[in-house]
Amino acid sequence: IGSSGNVGSIGLSRTLSSSAATASSKTKNGPVSSATATANIALIGAGWWSQGWHLPHLDRNEKVKISAIVDSSPHPKSNLNPHLEPLSALASKYQCPIYSSVADLLDDPAIGPTVDGAIVCTPHSTHFAIGKELIREGRRRFREAKGAMGKNEVMGTNGEREMSQSFRPMNILMEKPMTTSVTQARKLHQLLLECRNDDDDLDHDDKEWNLGEYGTTASKTGNNTNGKELSEVVSSSPSSSTTTQTLHNDRSGNHIGGGMGCFLINHSANYRPQAKAAHSLIRSGKLGTIRHVSAFFASPLSWIFDDPSNTGWNQIPPDDDEGEMVGNGFAWGQSSHLLAWIYHVSSGRGAGEDLVPDRVYCSMTTSEKTGADVSHAATVHCTNGATFSLSGTSLLPGNAHSDPPVGKRVKIKIFGTKGALFYSGDDRDVESGRLEWLRGDDDGDGSGVGTVEIQCPELGFQFEDLDQEGIGPESLQMFIDSCLGRDFYVGADSLVGLRSVQTIDAMYRSHLSENCENVR
C-alpha cells in the first residue's frame, strides 16, 4: 500500500496509443549531471510507508543519496505505525536536511538544484499540487538549460538536440492513486503532454485544452498543432455524453521537460517481469482484440478500513479542492493496483484496441464503523465495446503486514479474439500461480487451439512487492535508473493513472446513484 514523452515534442494531432513501445518498454533518458554513480533523491512525505519502506530501501542502495526529506509535520503520525520518528531524528539517521514544504526544498540554492528525483508519498488528496510543482520544476530546468545551451549544445547520433552534462532533469515517482479527482488527474496528464512541446508556456492555469480522451470540449483553443486548432483534431461522440476517446498518445505522459526526466506511478506489480511479458504478448496481437476481462482482488486489510482513526483511508478529506471525491476506502486504496495492471498490460495497440473506460455500473458494501467501502462488484464498459467485471474486497481474513503476512489473492483473465491470458495467485506465494497464454490460433492446421503456454515459467506468481528488506521493488529501481540517465521501464504512467482514476471515480458515483455512470 502506498500513501495512498521521449526526447522531443509531439503534436496533439499525431496518431497515438496509450502506452506503446517507447512508453511502456525500456526508455532511454537524456544526459544528466548525475551520470556519475549516485542519484540524489528527495522523499516527500515521511509517514508510515516512507519510514517503513522507502527510506530504508533508499538508504541501502549504494547508487542513491537521500538528499532531503519533506513533511509539513515535524513529527508525522500514523495509526498504522504509532512509533514513527520525528523529522529531526530522520535527518540525523539519514544525514540529510529536512523541509516543511516542496517550495522550501526547491528554493534552497544548496540542495534544490541538485535533486535528481522526488518520491511523492503523501495523502492522496495532496498528489496533484505536489506533482504539478515538481513537473513545473522539471520544465523550468529544461528551459533554463535550453536557453544556456549555446556552445555546449551537441548533436546526438540521430540528429536530435541533446543537453549538456550540466542539465539535471526532475524525475518523479508518485504513490498511487495518481489523484482522487478526475479533473486533477487529467490536468497532471495534460501538463506532462504539454511539457513535450518546449514552446508551450509554463503556466497553463488560464487555458482549457481539448485532448480528446483526456477531457471535454475546450472553451479555448488558443494553440496550434501542426497548423490546426485543437478543435479540428478531436471529435465528439453522438452516442456518449463524454468526448469520443479516440485521440491517443503513443508515448504517454511519462516524461518531463522536453523528454528529460520520468513520471512514474508506484504500482509495483506493473514493473514485474510477468507484467512486462503480459504487455508484450498482448501488444504483439497474439490475443487479438480484447473483448472481455474478469478481475478479482482480495486484500486482508479490513483492520485499516474498519478503523475510524485512519481518516486518510476512510474519509473524504476536507481539502478536496475539486469537490469530486464522493467516497473513500478499498477502491482507492487497493483496486487502483488491479486497474493499473489491467490498463498497462492491455495498452499500446492503438485507437480502438486499448481498453479505455467509458461507463461503469458498481455496487459496494461499506464498513459499519467508518462508512468506507470494503467490497465492490463493478462492470466496466469500454469505448471499443469490450467489457470487464471487477470484483474486490478487504474482507480476506488476516493481515497483509503481520508476521507472517497473509497474502493478497488476485485473479485476472483477459479474453481476446485470438486467445486468452490468465494470471492468478497469492502474492506472498510464488508457487501459487503462473502467467498462462491460452492460444486460440490454429497455426493453419488446428494444432494450436487450446494450447497453454506458460510465460516466465521460472518466476511463478508475483504481484505487489511489499518486502521491507533489500533495496526495494522494480518500480523504485526503474525510477532510480531514470535519475541516473539509464534505460528504464514504464510500468505505470500518467495515462494508466488517469484511466484508473476515471474508473474508480465512476464506481463511487454509480454506487451512490444506483445507476450506470459515464466516465468523466
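In this convention, every chain numbers its residues from 1, walking through the sequence in written order. Whole-chain, interface and lining totals are the exception, using all residues; otherwise, since this is a predicted model, local features are given only for residues with pLDDT of at least 70 and side-chain atom pairs are given and counted only at 80 or more. To get the side-chain values, take all heavy atoms of the structure and skip hydrogens and water.

Draft legend 1. Just the sheet that holds strand β11 (residues 263-265), in detail. DSSP-based pairing: two strands are paired if at least 2 bridges between them are found. Secondary structure counts use DSSP, requiring at least four H or I residues in a row for a helix and at least two E residues in a row for a strand, with both numbered from the N terminus. Taken in spatial order, the six strands of this open sheet run β4-β3-β2-β5-β8-β11, and their pairing is parallel. Looking at strand neighbours, the two that pair on one side only are β4 (98-99) and β11, the edges of this open sheet. Here strand β8 (residues 171-174) pairs with β11 via three bridges, running parallel. If you follow Met174 over to β11, its bridge partner there is Ile265. This element, helix α2 (residues 48-60), spans β2 (39-44), β3 (64-70) and β5 (117-120) of the sheet and lies at about 145 degrees to β3. Throughout, a residue-residue contact means that at least one pair of heavy atoms, one from each residue, lies within 4.5 Å. To define axes, lines are fitted to C-alpha atoms, for helices over the stretch in contact only, and angles between the resulting N-to-C directions are given on a 0 to 180 degree scale.

Draft legend 2. Local environment of the environment of Ser73. Relative to the helices and strands, Ser73 is located in the loop between β3 and α3 (87-94). Spatially, the C-alpha atom of Ser73 lies 9.2 Å from that of Gly45, the residues being 28 residues apart in sequence. A distance of 3.1 Å separates the side chain of Ser73 from the backbone oxygen of His75, its partner in a polar contact. Under the rule applied, a polar contact is a pair of N or O atoms within 3.5 Å (in protein, one hydrogen donor and one hydrogen acceptor; residues adjacent in sequence only if both atoms are side-chain atoms).

Draft legend 3. Main features of the confidence of the model for the protein chain. Note: pLDDT gives the predictor's confidence per residue, expressed from 0 to 100. Taken over all residues, the pLDDT of the protein chain has a mean of 81, while the share at 70 or more is 76%. The low-confidence segment residues 154-161 (pLDDT under 50) makes 10 contacts with residues lying over four places distant or belonging to another chain.

Draft legend 4. Representation of helix α7 (residues 273-283) within the structure. Considered for burial, the residues of α7 that qualify are Gln274, Ala275, Ala277, Ala278, His279, Leu281 and Ile282. One or two positions beyond α7, positive phi appears at Gly285, with a value near 90 degrees. Burial classes: relative accessible area under 20% of the type maximum marks a residue as buried, over 50% as exposed, and values in between as partly exposed (1.4 Å probe, protein chains only).

Draft legend 5. Fine view of the pairing of β8. Here β8 shows no split at all, with Asn171 and Leu173 on one side and Ile172 and Met174 on the other all buried. The pairing of β5 with β8 spans four bridges and is classified as parallel. Along β8, the bridge assignment pairs Ile119 with Leu173.

Draft legend 6. Quick look at the sheet that holds strand β21 (residues 517-518). Pairing is mixed across the open sheet formed by nine strands, whose spatial order is β19-β18-β17-β16-β12-β15-β14-β13-β21. Two strands bound the open sheet, and with one partner strand each, they are β19 (452-455) and β21. When strand β13 (residues 357-366) meets strand β14 (residues 373-382), the two strands line up antiparallel, connected through nine bridges. Across the sheet, residue Ser363 finds its bridge partner in β14, namely Ala377.

Draft legend 7. Representation of the nonpolar core. By nonpolar core we mean a set of buried residues, namely Ala, Val, Leu, Ile, Met, Phe, Trp, Tyr and Cys, connected to one another through side-chain atoms within 4.5 Å. Membership of the largest hydrophobic core comes to 120 residues, with the highest contact counts inside it found for Trp341, Ile414, Phe463 and Phe479. No other element matches the 10 residues that helix α10 (residues 330-345) contributes to this core. The contacts of Phe479, once residues within four sequence positions are left out, are Ile41, Gly117, Ala118, Ile119, Asn171, Ile172, Leu173, Cys262 and Leu264.

Draft legend 8. Here's a closer look at the packing of aromatic side chains. Any two rings among Phe, Tyr and Trp, with Trp reduced to its six-membered ring, count as a pair given centres within 6.5 Å; such a pair is stacked if its planes are under 30 degrees apart, edge-to-face if over 60, and tilted if neither. Throughout the structure, instances matching the rule amount to 14 aromatic pairs. With centroids separated by 6.1 Å and ring planes inclined at 70 degrees, the aromatic side chains of Tyr343 and Phe388 adopt a geometry described as edge-to-face. On the criterion of sequence distance, the pair formed by Tyr343 in helix α10 and Phe388 in strand β15 (residues 387-393) is long-range, its members being 45 residues apart. With respect to burial, Tyr343 and Phe388 carry one shared label: buried. Centre to centre, the rings of Phe461 and Phe463 are 6.3 Å apart; their planes meet at 5 degrees, and the pair counts as stacked. A relative accessible area of 0% means that Phe461 is categorised as buried. By relative accessible area, which is 0% here, Phe463 ends up buried. Chaining the aromatic ring pairs together yields one cluster made of Phe297, Phe305, Trp313, Phe330, Trp341, Tyr423, Phe461 and Phe463. In this scheme, the term charge over a ring applies when either NZ of a lysine or CZ of an arginine sits within 6 Å of the ring centre and within 35 degrees of the ring normal. One cation-aromatic arrangement involves Lys276 over Tyr489; the distance from NZ or CZ to the ring centre is 4.8 Å.

Draft legend 9. Quick peek at the pattern of salt bridges. Salt bridges are counted wherever a side-chain nitrogen of Lys or Arg sits within 4 Å of a carboxyl oxygen of Asp or Glu. Per the counting criterion, the structure on display carries 17 salt bridges. Of the charged contacts in the structure, one is a salt bridge between Lys408 and Glu464, with a shortest N-O distance of 2.8 Å. With a gap of 56 residues between them, Lys408 in the loop between β15 and β16 (409-416) and Glu464 in the loop between β19 and α11 (474-483) connect regions that are remote in the sequence. The burial state of Lys408 is the same as that of Glu464; both residues are buried. The partner of Arg486 in a salt bridge is Asp481, with the nearest N and O atoms 3.9 Å apart. Judged by relative accessible area, Arg486 falls into the partly exposed class, the value being 34%. For Asp481, a relative accessible area of 13% puts it in the buried group.

Draft legend 10. Layout of the side chain of Asn171. Here Asn171 shows up in strand β8. Residue Asn171 is classed as buried on the basis of its relative accessible area, which comes to 0%. A polar contact is formed between the side chain of Asn171 and the backbone nitrogen of Cys262, at a distance of 2.8 Å.

Draft legend 11. The arrangement of unusual backbone geometry in detail. In this structure, the amide linkage connecting Lys176 to the following residue, Pro177, adopts the cis form with an omega of -15 degrees. Take Pro177: it is sitting in the loop between β8 and α6 (182-194). For the bond from Asp403 to Pro404, the omega torsion is 0 degrees, close enough to zero to count as cis. The residue Pro404 is located in the loop between β15 and β16 in this model. A positive phi angle is found at Cys456, which is not glycine, with a value near 50 degrees. Summarising the element assignment, Cys456 is placed in the loop between β19 and α11.

Draft legend 12. Summary view of the pairing of β3. Taking burial as the measure, the seven residues of β3 include six buried ones, the bulk of the element. We call a crossover right-handed when, viewed with both strands directed away from the observer, the connection leading from the first strand over the helix to the second proceeds clockwise. For the segment spanning β2, α2 and β3, crossover handedness is right-handed. Summarising the sheet, β3 and β4 pair through two bridges and their orientation is parallel. Bridge pairing links Val70 to Tyr99 in β4.

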